[in-house]
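What follows is the residue order along each chain.
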Amino acid sequence: METIRIKYFSDEIERLRYIDGKSDWIDLRASERVELKKGEYKLIPLGVAMQLPEGYEAHVVPRSSTFKTYGVIQTNSCGVIDGSYCGDEDIWKMPVYATRDTVIEKNDRICQFRIMKNQPKILFEETKKLNNQNRGGFGSTGKQ
């Protein structure tokens, strides 16, 4: 089991935890009330900074209900927080764009994260031919 050192910036948000039997993703919460008008952009503070284990990064994505409930889209689609973002003031944030007027209350669950091992070092070998079956191009299932 890996250990993550975590700093909370608010005593008013729930502490991180697994929801047993549901998923291995962990919910993150807004650490302040955010009011957005349609078309506005905001970095929503999530109230935590973390020191990830060596060789890991965090992937942050919206919860499945975030768009339906709040009308916001995470602007970077999937946020990647690398292990170097681990200082005392490196608070995690979710960048959002509002598609309608909305209010996100403090402690609302708006996104989720999981940690993943960093990609291994890769050597790219240039070639003229890949020697694989032609699948038919982009969007093809390979069937004709």
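Everything here concerns the structure above.
Calculation rules
Residues numbered from 1 in each chain as written. Predicted model: local features only at pLDDT ≥ 70, side-chain atom pairs only at ≥ 80, totals over all residues. Heavy atoms only, no water. Helix = DSSP H or I, 4+ residues; strand = E, 2+ residues; numbered from the N terminus. Buried < 20%, exposed > 50% of the residue type's maximum accessible area, 1.4 Å probe, protein only. Pairing = 2+ DSSP bridges. Axes fitted to C-alpha atoms, helices over the stretch in contact; angles between N-to-C directions. Core = buried A, V, L, I, M, F, W, Y, C linked by side-chain atoms within 4.5 Å. Contact = heavy atoms within 4.5 Å.

Colleague: Which parts of the structure should I look at to understand the environment of glutamate 89?
Modeller: Looking at where glutamate 89 falls in the secondary structure, it is placed in the loop between strand S8 (79–81) and strand S9 (93–98). On the accessibility criterion, glutamate 89 (59% relative accessible area) is exposed. Put simply, glutamate 89 and phenylalanine 9 are 80 residues apart on the chain and 9.0 Å apart in space, counted from C-alpha to C-alpha.

Colleague: How should the sheet that holds strand S11 (residues 109–117) be read in this particular structure?
Modeller: Strands pair in a sheet through their backbones, by hydrogen bonds, and they do so in one of two ways: parallel or antiparallel. Sheet architecture is open: 4 strands sit in the order S2-S11-S6-S8, paired in antiparallel fashion. Each of the sheet's edge strands pairs with one partner strand only, and the pair in question is strand S2 (26–29) and S8. The mean angle between the axes of side-by-side strands here comes to 35°, regardless of whether they run parallel or antiparallel. As defined by bridge partners, strand S6 (residues 56–62) adjoins S11 across 7 bridges and the pair is classed as antiparallel. Paired with tyrosine 56 across the strands is lysine 117, a residue of S11.

Colleague: I tried to follow unusual backbone geometry on my own but got confused; where do I start?
Modeller: Peptide bonds are trans in most cases, and residues, glycine excluded, mostly fall at negative phi. Even without being a glycine, serine 77 presents a positive backbone phi close to 60°. Within the secondary structure layout, serine 77 lies in the loop between strand S7 (72–74) and S8. Positioned with a positive phi, asparagine 107 is a non-glycine residue whose angle comes to about 85°. Mapped onto the fold, asparagine 107 is located in the loop between strand S10 (102–104) and S11.

Colleague: Just to check I follow, could you spell out the nonpolar core for this structure?
Modeller: Here is a general trend for soluble globular proteins: nonpolar side chains tend to be buried in one another's company. Within the largest apolar cluster, 23 residues are counted, with the highest numbers of intra-cluster contacts made by Leu28, Trp92, Ile104, Ile110 and Phe113. The set of elements that each furnish at least two residues to this core consists of S2, strand S3 (34–36), strand S5 (48–51), S6, S9 and S11. Residue contacts for leucine 28: discarding those within four places in its chain leaves Leu16, Leu46, Val48, Met50, Val60, Trp92, Asp108, Arg109, Ile110, Cys111, Gln112 and Phe113.

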